[in-house]
Amino acid sequence: MTIIRLFFSKLSMIIHDFYSRIRAFHKARVLRKMADLEPVFVLGVQKSGTTAIAALLAKATNQSVTLDITRAIKRPEWKVLLRYGIGSFEDYVYRYRSAFRKKIVKEPGLTFYFEELRRVFPKARFVIILREPKDNIRSILNRLDVPGDAADVDLQNYPKLWLSPAWRINFDTSWLGYCHENYIDALAYRWKRSAEIYFNAEDDFLMIRYEDFIADKQASVELLSQKLGLKVKQDISGIVDRQYQSRGERVKDYGDYYKKNERFIDRQTRHYSERLGY
């Protein structure tokens, strides 16, 4: 029995090594082909208008589109693993390669991996959507039925937040290297990082303010198409007001909505917010 167990143990090792070699060969081949693609990445934190803009851009130009890498949403731990050097961004692209083969790729989670995207896709173009931070964070909180003025949140008390690992990780900034004071501080920090990424590589982005898009959706999308060198092939006037995500509740007084938490947003975002004209 010992000899048989040793035989099958050795056979298992040989099969695993063979599979690993085949996978490494295939991964290298796939990544070489990916490097020749010319995708358009639509970035920006959640609830900043990325879905609507990417969807309308794809419709207007008759291009293929990925609206969120849905398989990855169910496995957000990859962000933490990358933070600690377990795996690589190339592994992530390889795993979800079908989503990256579309012409337009919208995925808010990739916003913080701009440099990695640029390395893997040297011919890519980048669009980033930025929204007034207090309104952006309010929209996220509305989406998850979370208040704006709590000292902090117990995730288990908010079903929409607790049941979604992807949303939960957005309320944690440790994987971004920042120890947040509470959930509003975490969301404000993420907004700041997205704006920082844009301003640190301004020439590499086409930036759209969400408010400008709302003011004239069709014109914004058609101008973006022109700047990207994509020909407008379809009239989108009849679908520009389509609701891609649930609409939140408007707030007239953010001081009352956030109360003491407003200071976290002001502290984190004021510098870039003012540069954007907010």
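Residues numbered from 1 in each chain as written. Predicted model: local features only at pLDDT ≥ 70, side-chain atom pairs only at ≥ 80, totals over all residues. Heavy atoms only, no water.

Peer 1: So what exactly am I meant to see when it comes to the packing of aromatic side chains here?
Peer 2: Centre-to-centre distance and the angle between the planes together describe a pair of aromatic rings. One pass over the full model with this rule turns up 20 aromatic pairs. Taking 5.8 Å as the distance between ring centres and 20 degrees as the angle between the ring planes, the aromatic pair formed by Phe89 and Tyr113 counts as stacked. One end of the pair, Phe89, is in helix α5 (residues 89-95); the other, Tyr113, is in the loop between β3 (104-106) and α7 (114-120), and 24 residues separate them in sequence. Each member of the pair Phe89 and Tyr113 is classed as buried. With a centroid separation of 6.0 Å and 80 degrees between ring planes, the pair formed by Phe112 and Trp175 is classed as edge-to-face. Of the two residues, Phe112 sits in the loop between β3 and α7 while Trp175 sits in the loop between α10 (165-170) and α11 (183-200), which places them 63 residues apart along the sequence. Exposure remark for Phe112: the relative accessible area of 9% places this residue in the buried category. (Phe/Tyr/Trp six-rings, centres within 6.5 Å; stacked < 30°, edge-to-face > 60°. Helix = DSSP H or I, 4+ residues; strand = E, 2+ residues; numbered from the N terminus. Buried < 20%, exposed > 50% of the residue type's maximum accessible area, 1.4 Å probe, protein only.)

Peer 1: Could you clarify how one ought to interpret the side chain of Thr173 in this entry?
Peer 2: With respect to the element layout, Thr173 can be found in the loop between α10 and α11. The class of Thr173 is buried, set by a relative accessible area of 0%. In this view, Thr173 contacts Tyr178, Cys179, His180, Ala186, Tyr189 and Arg190; residues no more than four positions away in its chain are not counted. (Contact = heavy atoms within 4.5 Å.)

Peer 1: Please explain the pairing of strand β1 (residues 40-43) as it appears in this structure.
Peer 2: Within a regular strand, side chains alternate between the sheet's two faces. A two-sided burial pattern is seen for β1, the buried positions comprising Val40 and Val42 on one face and Phe41 and Leu43 on the other. Relative to β3, β1 runs parallel, the two being bridged by three bridges. The residue of β3 that forms the bridge with Phe41 is Val105. Of the strand pairs in this sheet, β1 and strand β4 (residues 125-130) are connected by four bridges, and their pairing is parallel. Looking across to β4, one finds that Phe41 is bridged to Phe126. (Pairing = 2+ DSSP bridges.)

Peer 1: Please explain the pattern of salt bridges as it appears in this structure.
Peer 2: Opposite charge on two side chains makes pairing possible when the charged atoms of those side chains draw close. Applying the stated rule across the entire model yields 20 salt bridges. When the shortest N-O distance is used, the salt bridge between Lys123 and Asp36 registers 3.7 Å. Separated by 87 residues along the polypeptide, Lys123 in the loop between α7 and β4 and Asp36 in the loop between α1 (2-34) and β1 bring together distant segments of the chain. Relative accessible area serves as the criterion here: at 42%, Lys123 is assigned to the partly exposed category. In this structure Asp36 comes out as exposed when scored by relative accessible area, which is 52%. For Arg118, the salt bridge identified is with Glu115, shortest N-O distance 2.8 Å. Taken together, the residues Arg118 and Glu115, both in helix α7 and three residues apart, mark about one turn of the helix. Look at Arg118 and you get partly exposed, because its relative accessible area is 29%. Members of the salt-bridge network, linked through shared partners, are Arg131, Asp135, Arg138 and Arg250. (Salt bridge = Lys/Arg side-chain N within 4 Å of Asp/Glu carboxyl O.)

Peer 1: So what exactly am I meant to see when it comes to a nonpolar patch on the surface here?
Peer 2: Together, Val80, Leu81, Tyr84 and Ile86 give the surface a local cluster of nonpolar side chains, amounting to about 390 Å² of exposed area. Here Tyr84 is to be found in the loop between α4 (78-83) and α5. (Patch = residues over 30% accessible without salt bridge, like charges linked within 9 Å, V, L, I, M, F, W, Y side chains within 5 Å. Areas by Shrake-Rupley, 256 points an atom, 1.4 Å probe, with all protein chains shown as cover.)

Peer 1: Where do I start with the packing of α11 against helix α15 (residues 262-275) in this structure?
Peer 2: Working note: a packed helix pair is described by the angle between its axes plus the distance between those axes. For the pair α11 and α15, the least separation of the axes is 8 Å and the interaxial angle reads 20 degrees. Taken together, the axis directions place α11 and α15 in an arrangement best described as roughly parallel. Our pair here, α11 against α15, has a crossing hand that is left-handed. Contact with α11, carried on its side by Ile184, Asp185, Ala188, Tyr189, Trp191, Lys192, Ala195, Glu196 and Phe199, involves Phe264, Ile265, Arg267, Gln268, Thr269, Tyr272, Ser273 and Arg275 of α15 and no other residues of that element. Its residues assigned to classes, the contact of α11 with α15 comprises nine nonpolar, three polar and five charged. (Axes fitted to C-alpha atoms, helices over the stretch in contact; angles between N-to-C directions. Parallel < 35°, antiparallel > 145°, perpendicular 65-115°, else oblique. Left-handed = near helix turned anticlockwise from the far one by under 90°. Nonpolar A, V, L, I, M, F, W, Y, C, P; charged D, E, K, R; others polar.)

Peer 1: What's the story with the sheet that holds β1 in this structure? I'm lost.
Peer 2: Pairing between the strands of a sheet comes from backbone hydrogen bonds, and it takes one of two forms, parallel or antiparallel. Reading across the sheet, the five strands line up as β2-β3-β1-β4-β5 and stay open at both edges, with parallel pairing between neighbours. In this open sheet, the two strands that pair with only one neighbour each are β2 (65-67) and β5 (205-209). Within this sheet the neighbouring strands show an average axis-to-axis angle of 15 degrees, counted without direction. Of the strands in this sheet, β1, β2, β3, β4 and β5 touch helix α2 (residues 50-61), which is tilted by about 170 degrees from β3.

These results come straight from atomic positions and should not be treated as a statement about function.
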